[in-house]
Amino acid sequence: MIKVSRFITLDNFITKQENFHPGASGEFTSFMHDLTFAVRLIAREVRRAGINDIIGLTDEVNVHGEQVKKLDIIANEIIIKSMNHTGKLAVMASEENEELIQIPSKYPKGKYVLVFDPLDGSSNIDVNVTIGTIFGLYKRVTKSDEECNVDDVLQKGYKQIASGYALYGSSTVFVYTTGNGVNAFTYDPTVGEFILSYEGITIPERGKYYSTNEGNSYKWSEQFKKYINYLKEKSEDGFRPYSARYIGSGVADIHRTLLYGGIFAYPSDKSNPNGKLRLVYECNPLAMLIEQAGGMATNGKERILDIQPKNIHERSPLYLGSKYDVEECMAFLNDNK
Ligand code: AHG
Ligand code: MN
Ligand code: MN
């Protein structure tokens, strides 16, 4: 992990990168400007949640049959209303909307497709624990004079042109990649800017943490049980036992995994053969980021980024993290260990 040796804002950083690409139109810079504006608005709502008494459940249930918290809805609206009029997007898909989010006809359309989880880790809202926003960006595949359809959203993850997340923790951090490494920016509310805080992040080749919901272990496969038990045994070389870390906000668990290494797993199990996390707006963006940092992300059989999504809200098992750890986990899942 390299700390920065220069002071630069996110806006300037992106502009300079776009200047390296002859023919770049500045549209990506402008998209990121709009997205990080939305992130700032969400951060403000998250910080004020207790004060404004907006914490608590609404009566609504989202497309997955889960009770939605007010902040999920607020964050969803903030992103839609910050992005739908800018002329940069062709269509959007969100965890909180069953169908595609089309751009209203009164606004111009652009070439990008935005997929997002407006608030990840929402069970942690009421207890002041870190939550986040996840996004992935594609280019549309439909023609510019056509109505967008699900083909624009159901693209393989490796086709993302950018992905990342915002974390609303002790500070607000924005981490993203455009397929050329991973950089992190920390929001300084006193100057109103995201400032580069980690440049060229690489995930350690092996970590000492495993992150999975052990409350589900009664329904895990024998192979996955064996792997987790193995991590808890003491080894001669002193590398094991690993320590357990599980926040229950995927984005926060994966942020720690990115910086400290190890493995994050939301496996398939006997009652959920596809695990829990959603392929399009959770697994794919996080998988691209972790791969860009030198790590690995798989569903246990194939690379996450190579999976053809079949619907917007489909789920996928996810094993993600340091290369050594994910490969070792796969060896267990394939009965090679
Ligand atoms: P969301 O809040 O967007 O619905 O996502 C919750 C996800 C993810 O953040 C986390 O990794 C996972 O749910 C935790 O699930 P368990 O409570 O089943 O461990
Ligand atoms: Mn989520
Ligand atoms: Mn969510």
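Structural notes, computed from the coordinates. (Residues numbered from 1 in each chain as written. Chains lettered and ligands numbered in written order. Predicted model: local features only at pLDDT ≥ 70, side-chain atom pairs only at ≥ 80, totals over all residues. Heavy atoms only, no water.)

## What to know about the pairing of strand β10 (residues 193–198)
- Pairing between strand β9 (residues 182–188) and β10: five bridges, direction antiparallel. Note that in β10 the partner of D188 across the bridge is E193. (Pairing = 2+ DSSP bridges. Helix = DSSP H or I, 4+ residues; strand = E, 2+ residues; numbered from the N terminus.)

## Some thoughts on the coordination of the manganese ion (ligand 3)
- Protein-derived coordination of the manganese ion (ligand 3) comes from E95 (OE), D117 (OD) and L119 (O), at a distance range of 2.0 to 2.3 Å.
- Each donor residue of the manganese ion (ligand 3) lies on the same chain, and together they follow the pattern E-x21-D-x1-L.
- The two metals, the manganese ion (ligand 3) and the manganese ion (ligand 2), are separated by 3.6 Å and share D117 as a common coordinating residue. Of the two residues, E95 sits in the loop between β3 (89–94) and β4 (101–102) while D117 sits in strand β5 (residues 112–120), which places them 22 residues apart along the sequence.
- The exposure class of E95 is buried, given its relative accessible area of 5%.
- In this structure D117 comes out as buried when scored by relative accessible area, which is 0%. (Donors = N, O, S within 2.8 Å, 3.2 Å for Na, K, Ca; no water. Buried < 20%, exposed > 50% of the residue type's maximum accessible area, 1.4 Å probe, protein only.)

## Description of the sheet that holds strand β7 (residues 162–168)
- One open sheet accounts for eight strands, arranged β4-β3-β5-β6-β7-β8-β9-β10; its pairing is mixed. Looking at the sheet topology across the chains shown, the edges are occupied by β4 and β10.
- Those strands touched by helix α2 (residues 27–48) are β3, β5, β6 (131–139), β7, β8 (172–177), β9 and β10, and its axis lies near 150 degrees from that of β8.
- Lying over the sheet, helix α6 (residues 250–260) contacts β5, β6, β7, β8 and β9, oriented at roughly 105 degrees with respect to β7. (Contact = heavy atoms within 4.5 Å. Axes fitted to C-alpha atoms, helices over the stretch in contact; angles between N-to-C directions.)

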